[in-house]
Amino acid sequence: MFEPVSKTKREIPVLPLRGAFVFPGMIVPLQVGREKSVLALDEAAGSERLIMLANQRDISKDQPLPEDLHDDGSVAVIRQITRESNGSVRAVVEGLSRGHIVGYVQREPYLRALVEESSEDPEQSPENEALVRSIMHQYEQFVRMSKKLPPEALASVVTNESPGRLADTIAAYLLPKHEDKQRVLGIVPVKARLEAVTEILAREMELMELEKRINVRVRKQMEKSQKEYYLREQIKAIQKELGDRDEKGTESEQFRNQVLALGLPKDLEEKALREVDRLEKMPPMVAEAVVVRNYLEWICSLPWNVETKDRLDIQTAERILDEDHYGLTKVKERIIEYLSIRQLVKQMKGPILCFVGPPGVGKTSLAKSIARALDRKFVRISLGGVRDEAEIRGHRRTYVGALPGRILQGMRTAGSKNPVFLMDEVDKMSYDFRGDPASALLEVLDPEQNSTFSDHYLEMPFDLSRVMVITTANTAHTIPRPLLDRMEVIYISGYTEEEKVKIAQKFLVPKQLKEHGLEAGHLEFSERAIRSIIGLYTRESGVRNLEREIASVCRKNARDIVRGERKHIKITPGNLGKYLGVPRFRTGVAEKESAVGVALGVAVTDVGGDVMPVEVTVMKGKGSLILTGKLGEVMRESAQAGISYIRSRADVLGIDEAFHEKEDIHIHIPEGGIPKDGPSAGITMATAVVSALTGRPVRHDVAMTGEITLRGRVLPVGGIKEKVLAAHRAGVKSIVVPADNRKDIEEVPAKVLRALRVSYVDHMDQVLDVALDDEMEAGKELSVPPSFANPEQGTGAGKPATNH
Ligand code: ADP
């Protein structure tokens, strides 16, 4: 639609404005300070009093050039000018019409331009009317929403105005942005101006709505945290009233402080604090609170950052090891080597020490001495019987009564993150469907992984890299292979009687006296008494029972001595029985008659070397092989091999060749633990079977060990030193060992060898030669020609070599 607007052009001074808008019809006071502007005002005031007001695009510019000004503005008349003392001028101007700068005619000393003036068109059209209504409606809403203006103030302003003026007034007073005001100022046609204003108002209202929503949300949040704070304070007050709150604050506050004091890494600290928050919100007695409390107690009691300082002095270490232990020279040397290397490389990575040996030989006490030498804390856990990964690594917290695994329990006991950590009986772990504890242990031992050991309960990585782990085992071959690969194994074998006597005199007796509050003068053990304890009351490779018996003698005497009834007691073999009761063992199991079907083996069991009698009976039957006693699969195979050998040699041995069809053979091992290596009982079983089948008695003072093959060859076995010591303890006079084990005999103390005759064999025929008596047991019917008495003729095997 065409709106007739008259346009006139004139040259007038230009006054740059900084954000002030003077719409036509408005009277506005202006403060003018810039020199150029004052000049322009003066010039205008001196002529027609007309001036072009143009806004700066960038209001921060001090000396605006024509390019810096909008071309659209308003032409105004200067109503009044007042000069202030500081040189600035106050002018009151009234907007007359919209003006458009066509071009500048002068830049200095003030701006002057050719301006095209547009008059306002007063015409009313229905369309404009509709727009006005909609603007009025918006305007009311806007005023209500913005709350910045008293509604009646503007209502009066707006009424009775022409549509164009209405648009200008609203733009001048309501629109918050300069660009919008400038835009409205630049539009001459009334309709377009009205449209622009509705559009801007609509947008502004939308923004305001949004702002309001955000405000509400923020307020709600603030209210919530205020409420929480208030409630928390109330809880505190209630707790105080109830006496739940002491000087140190509530439980959760204490936990919070403790957690902060641990110096945990940031993420772990946050995790722990989250638990504290959870606890705080729970009623104290619910089951869940108990779980969280336990968890926090665990976290707070672990030595996250507590470390003791190492003493790295090898001489001291040597001295301490000697102070605590008799003998064990080689073992001590290896330990010292190990410690020196660690000291040289200054880190704890590398293989783990593993002490292997029978019980009571000082494995634990060596580890304790190492801790003492390094000045570290000492902890010990036993892995014997552990079959569940959770015992190492803990149960998840979702389980009722869940706890951390043994590793972290040990760390808590240690109270420092670098203790000497003894793990006993690594060879006694087993595994089942609940996971393999060995693999969890691997993680503990692996220097690549153990700085972030994860426990199911704790669910936080714990640093074990500073721990010095020492393991012990009774035998090396049941240690899971991957574990064994990470270990430096140090074997400690059993003690001879002489060594035991020395250990008792130098260590065990003084230690027990002290523990019972006695002095050396009070109670004296004669050497013979000690020997009697060793021989009659204990049968072991180590000295654990010996120590126990000595302790028991001390205990029984302590009362008398303390009461002052007696001043000095000497323990002799004679009065030993009074304190320890009847002897539990006879020296020398072997001191009995030679018997048919009984042979004496020696084996290494869990408790070290021991003698192991094997009994065989032969009965009429169908040729079955029965094994009873604690026999394993390997033993059965080994017995079977023995029988096959006997069958192949039946004629030479003088046995009915069909014995395996007509007779049942029953092998029984009546006492003793389970031997660690089944096959080593091979020749013993075969000897007993031959004896039972032939009726030739086995010599009572011969013990034996060796694996047998189908063809009667005798193969070497392990644990020779332990076995020879055991045979010696049992009072055996002669021992049969595989020829290939000759080198192992060198480790046996000379004193023991002097008392024993050792026969080296490589064939079963030689074993029988040494072990079987030549005489037949009276009454046994012979089923073979008497030629068996000389087996050499048939076998060609040489006489067994002996070192006697
Ligand atoms: P293990 O751990 O090998 O089963 P322990 O370390 O418990 O054996 O030793 C049992 C007892 O024997 C401890 O009191 C220990 O001090 C003592 N003992 C063992 N060997 C020696 C030794 N060579 N010298 C002094 N005491 C020893």
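Residues numbered from 1 in each chain as written. Predicted model: local features only at pLDDT ≥ 70, side-chain atom pairs only at ≥ 80, totals over all residues. Heavy atoms only, no water.

A. A look at the layout of surface pockets. In this model, the largest pocket occupies a volume close to 1,100 Å³. Listing elements by their share of the lining of the largest pocket, those giving two or more residues are helix H11 (329-345), strand E13 (487-491), strand E16 (598-605) and helix H25 (720-729). Looking at the lining of the largest pocket residue by residue, the class counts come to 15 nonpolar, 14 polar and 10 charged. Reported here for the second largest pocket is a volume of approximately 860 Å³. Looking at the lining of the second largest pocket, the elements that each hand over two or more residues are helix H10 (314-324), helix H12 (363-374), strand E8 (378-382), strand E12 (468-473), helix H17 (497-515) and helix H19 (544-562). The biggest single contributor to the lining of the second largest pocket is H12, with six residues. Considering only residue class, the lining of the second largest pocket consists of 10 nonpolar, nine polar and 13 charged. (1 Å grid on protein atoms, 1.4 Å probe; cavity = no way out; pocket = protein on both sides within 12 Å on 5 of 7 lines; lining within 4 Å. Points joined across faces, edges and corners; volume = space filled by probe spheres on them. Helix = DSSP H or I, 4+ residues; strand = E, 2+ residues; numbered from the N terminus. Nonpolar A, V, L, I, M, F, W, Y, C, P; charged D, E, K, R; others polar.)

B. Examining the site of the ligand more closely. Around the ligand, the surrounding shell holds 19 residues, and the nearest of these are Lys363, Thr364, Lys511, Arg544 and Glu547. Within the side chain of Lys363, a nitrogen or oxygen atom sits 2.7 Å from an oxygen atom of the ligand. Tyr495 is positioned with one of its side-chain polar atoms (N or O) 2.9 Å from a nitrogen atom of the ligand. Compared with its free state, where it exposes 560 Å², the ligand has 91% of that area covered by protein. Top element by residues in the shell around the ligand is H17. It accounts for four residues. Of the residues belonging to the shell around the ligand, the class tally is nine nonpolar, five polar and five charged. (Near = heavy atom within 4 Å. Polar contact = N/O pair within 3.5 Å; in protein donor to acceptor, adjacent residues only side chain to side chain. Areas by Shrake-Rupley, 256 points an atom, 1.4 Å probe, with all protein chains shown as cover.)

C. Summary view of the environment of Met429. Residue position: Met429 is located in the loop between strand E9 (420-424) and helix H15 (437-445). On the accessibility criterion, Met429 (10% relative accessible area) is buried. Sequence separation between Met429 and Asp388 is 41 residues, and the spatial gap between their C-alpha atoms is 8.9 Å. Apart from residues no more than four positions distant in its own chain, Met429 is found in contact with Leu383, Val386, Pro437, Ala438, Leu441 and Leu483. (Buried < 20%, exposed > 50% of the residue type's maximum accessible area, 1.4 Å probe, protein only. Contact = heavy atoms within 4.5 Å.)

D. Local environment of helix H5 (residues 178-185). Taken together, the buried positions of H5 are occupied by Asp180, Lys181, Gln182, Val184 and Leu185. Where H5 is buried, its residues contact strand E3 (50-56), strand E4 (69-83), strand E5 (89-106), helix H4 (163-173) and helix H6 (190-242).

E. Structural context of the side chain of Arg649. Within the element layout of this structure, Arg649 appears in the loop between helix H21 (633-648) and helix H22 (650-653). A polar contact is formed between the side chain of Arg649 and the side chain of Asp765, at a distance of 2.5 Å.

F. Quick look at the pattern of salt bridges. For the structure shown, the criterion picks out 52 salt bridges. One salt bridge connects Glu108 with Lys36, and the closest N-O pair in it is separated by 3.5 Å. Remark: Lys36 occurs in helix H1 (residues 35-46) and Glu108 occurs in the loop between E5 and strand E6 (112-118); sequence separation between them is 72 residues. Judged by relative accessible area, which is 55%, Glu108 ranks as exposed. Here Asp310 makes a salt bridge to Arg376, at a shortest N to O gap of 2.8 Å. Of this pair, Asp310 sits in the loop between helix H9 (287-301) and H10 while Arg376 sits in the loop between H12 and E8, placing them 66 residues apart in sequence. The exposure class assigned to Asp310 is partly exposed, which follows from its relative accessible area of 23%. (Salt bridge = Lys/Arg side-chain N within 4 Å of Asp/Glu carboxyl O.)

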